[in-house]
2 protein chains.
Amino acid sequence: MAIKITDIFVRDIRFPTSQTLAGSDAMNSAPDYSAAYVVLKTDHPRGLEGHGLTFTIGRGNELCVAAINTLKPLVLNQTLECLTADMGAFWNRLTGDSQLRWVGPEKGVIHLATAALVNAVWDLYARCAGKPLWKLLVDMTPEQLVACIPFSYITDALTPDEALAILHRHNATKKIREQELLAVGFPAYTTSAGWLGYSDGKLRSLVREGLAQGWTHFKMKVGRDLEEDMRRARVIREEIGAERTLMMDANQVWDVDEAIR
Amino acid sequence: MAIKITDIFVRDIRFPTSQTLAGSDAMNSAPDYSAAYVVLKTDHPRGLEGHGLTFTIGRGNELCVAAINTLKPLVLNQTLECLTADMGAFWNRLTGDSQLRWVGPEKGVIHLATAALVNAVWDLYARCAGKPLWKLLVDMTPEQLVACIPFSYITDALTPDEALAILHRHNATKKIREQELLAVGFPAYTTSAGWLGYSDGKLRSLVREGLAQGWTHFKMKVGRDLEEDMRRARVIREEIGAERTLMMDANQVWDVDEAIR
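Figured I'd write up the structure that's included with this text.

Definitions and cut-offs
- Residues numbered from 1 in each chain as written.
- Chains lettered and ligands numbered in written order.
- Predicted model: local features only at pLDDT ≥ 70, side-chain atom pairs only at ≥ 80, totals over all residues.
- Heavy atoms only, no water.
- Salt bridge = Lys/Arg side-chain N within 4 Å of Asp/Glu carboxyl O.
- Buried < 20%, exposed > 50% of the residue type's maximum accessible area, 1.4 Å probe, protein only.
- Helix = DSSP H or I, 4+ residues; strand = E, 2+ residues; numbered from the N terminus.
- Contact = heavy atoms within 4.5 Å.
- Buried area = accessible area lost by both parts, 1.4 Å probe.
- Polar contact = N/O pair within 3.5 Å; in protein donor to acceptor, adjacent residues only side chain to side chain.
- Nonpolar A, V, L, I, M, F, W, Y, C, P; charged D, E, K, R; others polar.
- Pairing = 2+ DSSP bridges.
- Axes fitted to C-alpha atoms, helices over the stretch in contact; angles between N-to-C directions.
- Left-handed = near helix turned anticlockwise from the far one by under 90°.

**Observations concerning the pattern of salt bridges**
Residue and element names in this part refer to chain A.
So, step 1. Per the stated rule, a full pass over the model turns up 36 salt bridges over all chains.
So, step 2. A salt bridge links Asp139 to Lys135, with the nearest nitrogen and oxygen atoms 3.0 Å apart.
So, step 3. The class for Asp139 is partly exposed, based on a relative accessible area of 34%.
So, step 4. Judged by relative accessible area, Lys135 falls into the buried class, the value being 19%.
So, step 5. Here Glu178 ties to Lys175 by a salt bridge, and the two come within 3.5 Å at their closest N and O atoms. With a gap of three residues between them, Glu178 and Lys175 both fall in helix 8 (residues 174-184), about one helical turn apart.

Shown next as C-alpha cells:
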C-alpha cells in the first residue's frame with residue numbers, strides 16, 4: 001500500500017534557555033534552544049505522521065522554517081515508497097534543485113532545512129515499518145544500507161564498494177552486537193552539568209544527579225577563561241573520582257597550540 | 001556630520017532568464033538571475049542612500065531577503081561614521097551574533113545576506129565621500145585598508161602585518177598604476193556569448209558583438225557534453241582567431257583527472 005505525504009506543517013519552536021544559561025559554551029554564550037519542527041501528514045489508515053526537526057540556538061530559526069517551506073514542493077504528494085526506494089537519490093534531489101543549490105549548496109540554512117525534512121521522512125519510514133529507526137537501519141542488508149547514502153562528498157575517503165565490503169565483513173556478528181546493545185546500551189556521555197554559565201553549586205549538584213543516573217562520562221564546556229576552566233574541572237573531578245571520564249569541549253575557540261598546551 | 005541609517009528596504013528581484021537560458025552552465029541549467037536588493041535610507045541632507053545586493057539564481061532568493069530582515073537590527077540606526085571607523089569589526093559584528101552564527105557561520109543564506117548589507121554600507125560610504133568605491137579604496141593608506149579586513153580566516157595564509165608590508169612596498173608606485181587603470185582600464189573577460197544553452201547561431205552572433213565591443217577574452221561554459229563542448233569551442237575559436245583568449249568554466253562538474261584530460 002502506497003502511503004502519500006498529503007500535507008507538511010512547519011513550526012518555529014523556541015525555548016528561552018538563555019535565561020538560565022543552559023546550553024552555554026565559549027562560542028555560544030546565550031543560546032535559546034530552538035527547532036524548526038516538521039510534521040509530515042499522510043493518508044495512512046492509522047494516521048501515521050513523520051516528525052523531523054533541525055536545531056538552532058534562537059535567532060535565525062525563522063530562516064530554517066522559511067527554507068523548509070521553500071523545499072516543501074519537493075516532498076509534498078510524494079509516496080513514502082517512492083522516497084524510500086532510493087534514499088540517496090531523495091537527498092540528492094533535495095540538495096540538487098538547480099536554482100536552490102545556489103543558496104547552499106549543502107551548507108547553512110538550506111542544509112539545516114534539508115535535514116529536518118529528510119529526518120521526518122526517515123521517521124515516517126520507521127513508523128510505517130513498525131520499528132524504531134535504529135532497528136530499521138540494523139535490519140537492512142549491506143546493499144540496502146549503502147544505497148541510502150549519497151556518496152558525493154565521501155568517495156575520496158570511502159567508496160560505496162569499500163563501505164559494502166566493511167558491512168559484509170561484519171555481517172556475521174551483527175546479531176551479537178545487537179544483543180549487546182539491547183543488554184548494556186550504547187556508550188554515551190552527558191553535558192547536563194557542564195554548561196559554561198553555571199555556578200559551582202549548580203555544577204556540583206548536577207554532576208551528582210548524573211552520577212545517580214549512572215553516567216560514567218561527563219563533558220564540560222571550556223574556553224572562556226583558562227583559570228576558571230581549571231577550577232571547574234577540579235570541581236567535577238572531585239565529584240566523579242579518578243575512574244570516570246572527564247571530557248572537554250572548547251567549541252572552536254582554541255587554536256591548535258592553545259589546545260595542546 | 002554623522003549620517004544615520006534611518007530605514008532599510010529589502011526587495012526580492014527576479015529576472016526570468018531561464019526562458020532564454022542566459023546564464024546557463026553545466027551546474028546551473030536553468031537559472032533565473034535574481035537579487036535580494038538592499039537600500040539603506042539615511043538622514044543625509046541630500047538624501048544619499050546605500051545600495052547593495054546579493055545575487056542568486058532564483059528559488060531561494062526569498063530566503064536571502066528574510067535573512068537580511070533578520071540582520072537588519074544590527075545596522076538600523078547606526079551612524080555611517082561608527083560603522084566605517086572599523087569596517088572589519090562591523091563585519092565581525094554581523095557574522096558573530098551569538099545566536100545567528102549557528103545558521104551559518106559565514107556560509108549559505110546568512111552569508112549572502114551579510115554581503116548585501118555590507119555592500120550597501122560600502123556604497124553609502126563611497127557616495128558620502130563623493131567617490132566611486134574603487135577610488136575610495138585606492139585613496140586609503142595601507143593602515144586604513146588593512147583595518148577594513150576581518151582576518152579571522154586569513155591569518156593562516158596572510159597576517160595583517162604581512163598585508164601591510166605588501167601595501168607599503170608598492171605604495172610609492174600606486175599613482176602610476178592608478179593612471180594606467182584610468183588610461184587603459186582593468187583587464188576583463190566576457191561570458192556574454194558562452195552560456196551553455198545557446199544555439200550555434202546565437203553563439204556566433206554574440207561573439208561577433210563582443211569582438212565589436214573590443215573584448216579580447218571570451219569565456220565559455222563547458223561540462224555537460226564533451227563532444228558538444230569541443231564543437232562550440234571550435235565555433236568560438238573560428239570567430240575570435242588565434243590571438244585572442246578562449247577561457248572555459250566547467251562549474252565544478254569535472255573532477256581533477258577529467259579536467260586535466
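The structure having been displayed, the exposition proceeds.
**A closer look at the interface of chain B and chain A**
So, step 1. Contact with chain B, which involves 32 residues of that partner, is made by 32 residues of chain A.
So, step 2. Buried area between chain B and chain A, summed over both chains or domains, comes out near 2700 Å², and the portion from carbon and sulfur atoms is 57%.
So, step 3. Of all residues in chain B, the largest losses of buried area upon contact with chain A belong to Arg59, Gln99 and Trp102 of chain B, amounting jointly to 29% of the total for that side.
So, step 4. Among the salt bridges present, the one from Asp97 of chain B reaches Arg59 of chain A, with a minimum N-O distance of 3.1 Å.
So, step 5. Seen at the junction of chain B and chain A, the total is 14 residue pairs in polar contact (both at pLDDT 80 or more).
So, step 6. Residue assignment for the side of chain B that touches chain A shows that the elements contributing at least two residues are strand 3 (50-56), helix 1 (61-71) and helix 4 (108-129) of chain B.
So, step 7. In terms of residue class, the side of chain B that touches chain A is made up of 15 nonpolar, eleven polar and six charged.

**Regarding the sheet that holds strand 2 (residues 34-42) of chain B**
All names here are of chain B.
So, step 1. Strand order in the open sheet made by the three strands is 1-2-3, with antiparallel pairing throughout. Both outer strands of the open sheet, strand 1 (5-14) and strand 3, are each paired with one neighbouring strand and no more. In this sheet, adjacent strand axes meet at a mean angle of 15° when their direction is disregarded.
So, step 2. Across the sheet, helix 1 lies against strand 1, strand 2 and strand 3, angled at about 175° from strand 1, the strand it touches most.
So, step 3. Along the sheet face, helix 4 touches strand 1, strand 2 and strand 3 and points at about 150° away from the line of strand 3.

**Notes on the packing of helix 9 (residues 200-212) of chain B against helix 10 (residues 226-240) of chain B**
Residue and element names in this part refer to chain B.
So, step 1. The geometry of helix 9 relative to helix 10 is characterised by a closest axis approach of 10 Å and an angle of 35° between their N-to-C directions. Handedness of the crossing formed by helix 9 with helix 10: right-handed. On the side of helix 9, the interface is formed by Asp200, Leu203, Arg204, Val207, Arg208 and Leu211, while helix 10 contributes Arg231, Arg232, Val235, Ile236, Glu238, Glu239 and Ile240.
So, step 2. Per-class residue counts for the contact of helix 9 with helix 10 are six nonpolar, no polar and seven charged.

The values are spatial; any link to function lies outside them.
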